[in-house]
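What follows is the residue order along each chain.
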Amino acid sequence: MHKNEESKVVACELNREALIEIRNVNKWYNDFQVLKDINLSVYTGERVVICGPSGSGKSTLIRCINRLEKHQQGDIIFDGIELTDEVKNIDKIRSEIGMCFQQFNLFPHLTVMENLILAPISVRDLSNAKAREIGAHYLEKVKIQDQADKYPSELSGGQQQRVAIARALCMQPRVLLFDEPTSALDPEMIAEVLDIMEKLATEGMTMVCVTHEMGFARKVADRVIFMDAGQIVEENDPINFFDNPKNKRTQKFLKQIFEH
Amino acid sequence: MDLQFLEIIPQTGPMLWGALNTIYVGILACGVGLVIGTGLLFLRNSRFRLLRIIVGIYGSFIRGTPALVQILVLYYALAPLIGLNIGPFTAGILAIGFNSGAYVAEILRGGLSRIPPGQWEAARALGLPNYKIWFRIILPQVFYSVIPLLVGEFTMVIKLTPLLSTITLVELTRSSQMLYNETFRPVEVLVLAALIYFIICFSISQYGERLQRRSLKYRL
Amino acid sequence: MTFDYMAIWDNRDILIDGVLTTLLVSTIAIPIGICIGVVICMMRISGNRMLRWSSIVYIEFLRNIPFLILIFLVFYALPFYGLRLSGLTTGFICLSIYGGAYFAEIFRGGIQSVSKGQFDASKALGLKYGFYMRRVIFPQLYQYIIPPGTNIALTMIKESSLLSMITVAELTYAAHDVNGRTFTPVETFATIALLYWLISTIFLKLTHILQIKFGAEDTRDDLTIR
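First, a word on what this report is: a plain description of the structure on this page.

How each quantity is defined
Residues numbered from 1 in each chain as written. Chains lettered and ligands numbered in written order. Predicted model: local features only at pLDDT ≥ 70, side-chain atom pairs only at ≥ 80, totals over all residues. Heavy atoms only, no water. Contact = heavy atoms within 4.5 Å. Buried area = accessible area lost by both parts, 1.4 Å probe. Salt bridge = Lys/Arg side-chain N within 4 Å of Asp/Glu carboxyl O. Polar contact = N/O pair within 3.5 Å; in protein donor to acceptor, adjacent residues only side chain to side chain. Helix = DSSP H or I, 4+ residues; strand = E, 2+ residues; numbered from the N terminus. Nonpolar A, V, L, I, M, F, W, Y, C, P; charged D, E, K, R; others polar. Pairing = 2+ DSSP bridges. Expected span 1.5 Å × (residues − 1). Bend = angle between axes of the 7 residues up to and from the residue.

## Section: the interface of chain A and chain B
Next up, step 1: Opposite the 27 residues of chain A that make contact, chain B presents 22 residues.
Next up, step 2: Carbon and sulfur atoms supply 63% of the area that chain A and chain B bury against each other, a total of about 2200 Å² over both sides.
Next up, step 3: When residues of chain A are sorted by the area they lose upon contact with chain B, Phe107, Pro108 and His109 of chain A head the list and together hold 26% of the total.
Next up, step 4: Across the pair Arg63 of chain A and Glu121 of chain B runs a salt bridge, and its minimum N-O distance is 2.4 Å.
Next up, step 5: Where chain A meets chain B, there are six residue pairs in polar contact (both at pLDDT 80 or more).
Next up, step 6: Listing elements by their share of the side of chain A that touches chain B, those giving two or more residues are α3 (87–96), β6 (97–100), α4 (112–124) and α6 (157–169) of chain A.
Next up, step 7: The element that contributes the greatest number of residues to the side of chain A that touches chain B is α4 of chain A, accounting for four residues.
Next up, step 8: Looking at the side of chain A that touches chain B residue by residue, the class counts come to 14 nonpolar, seven polar and six charged.

## Observations concerning the side chain of Glu121 of chain B
Next up, step 1: Examined against the element boundaries, Glu121 of chain B turns out to sit in helix α6 (residues 117–125).
Next up, step 2: Beyond its immediate stretch of four places on either side in the chain, Glu121 of chain B contacts Arg63, Leu68, Phe101 and Asn105 of chain A.

## Quick notes on the pairing of strand β4 (residues 73–78) of chain A
Residue and element names in this part refer to chain A.
Next up, step 1: Taken together, the five bridges between strand β1 (residues 18–29) and β4 define a ladder with antiparallel strand orientation. Pairing of Asn26 across the sheet is with Gln73, part of β4.
Next up, step 2: For β4 and strand β5 (residues 81–82), the ladder comprises two bridges, and the chain directions are antiparallel. When the bridges of β5 are listed, Phe78 appears paired with Ile81.
Next up, step 3: Hairpin remark: β4 followed by β5, antiparallel, with two residues in the connecting loop; positive phi at Asp79, about 50°.

## Concerning helix α7 (residues 129–159) of chain C
Next up, step 1: A rise of 1.5 Å per residue sets the reference length of α7 of chain C, with its 31 residues, at 45 Å; its end C-alpha atoms lie only 38 Å apart and thus fall more than 12% short of the reference.
Next up, step 2: Of all bends in α7 of chain C, the biggest is about 40°, found at Ile137 of chain C, and the proline Pro139 of chain C comes one to four residues later.

If you want it as structure tokens, here you go:
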């Protein structure tokens, strides 16, 4: 627990400039408002976990960060650059933000290694050899070195998600976004993915993670955020969040989660 | 009447040349069809409404008129109109190619609609530029997923080639006609021709099935 | 560039007869083809190996040879066995059996698409065979069969143009006829192209109404079955 406090202090001391700044963001799908006046700052080195019932807008929120979804009102600023519709701007920002999806979304017609090196070669102009080196390094990190030449269809769900994490890491992003990375996995494979995520966290990776895995949140997060019906309802450090939830809705949600 | 296949066999040389012509035209027409089909796929999504309308009319025309009529229109009407002096070979390849292209476009469109949106998202999340996403991620998957349909389309192209006999192209059917007019043995000749077509088309479908099985590794 | 409209107009009765013949042949061949398709399909899914293999041979043979070869075989080769059929009769027969092969495959696909669970549930509820086939299975079949089925029917209408090669006086033959008299290939062939296009468009509109009536709209606009 005190590791969390330590890193929080470090973050505060070293870097007052937020890496991701979300200010007064509102978003509608036609008439339905899915994000209501969201304000959030994420600092370098911070691990933020967002939880909440389905339909609360948590996935939509992190997908706005790398502009897979567009917000209609408010500002999202990454590393001092504002997210707008300018294309050059978006591609550059996306190469600095890594994302892992619930459905993994590996490219099925490419081998594991080819999945990893595609973006570094295309976007960062690395040579094939250098990209493979980096790829091999991250494959080792996620513990799948020997599957480099397999196709995604030949791997289990847990292995595929770990490859997806490695693929995001190969771009050496400033922050990793996770959109319910373990929700589509069979229970026995969840642990292997969470282990990797934990390892990344202890190595200082900035993370914003949407998840239902409360054990992970308790262990790893610097801040836990509860969203409901498009709003940020409560925000606290893990100890206080889980032991002393202030808001009634948070209490209800936690009760439902832990009752199972 | 007694069948005398053995008598006929020595005279079937021209028929085999015709068969080669059939395959030759088939492959070229298929190539034209693939190029046109892929091009139409992009034009379909164009920002310009006029282009989208033209693509729609083109597809409607190809789908709504017999291939034979399309061949006749191209060779006897369109070409003289534009002032192009093209031989039956070129006209045949183009006519069948244009025909096939419209159907290939539909096949590819169906395949495209079945690509999970997650593929687009993952590619964009990595910061890949649009054209790279199309050519390295999306199109390969589209083609892998529609192999059986494309193979079926190739078979269809082969089955369209006999129509070219009406514009004096000597492919398998025309050379068969010439042979049985000479030998007065339409039964043997036509049965042989049917057999050759069957072998060509059936082999193509079998190969297609093999390709399809192997492609399963590249799909989730 | 002058279009000789008068040449077409003067010979319009030849062309109109062609249209009528085309429609006649199609209107008769399509229902017969459907019936043949049902029979072949039943054979294809039957437990009897002889029936099954016969139907497979039938289907594979007809799907892997060009329609033109089929009509040549019937028209030019059968007479040597004493069976000399007119072009029109050949047309009816060939078009029907050709269509039958394709219809059979569509019906088979449709039956396989209705999940086994529907049969299980019906039987579990104690419903009788005739009843659940009519009220549970067939309604679900319609959406799988009608869209590709109308495609096959349209293809048959277009294939009828090949009957011009065995002297059946349908629309394409009429065009050759008019062209031979007036030497106006551009006008005649363009005209029949438009006439065929008109026939197809009307046919598609009619079948669209049919699809809506059966609740089997073809939202995909799928050309993948020729």
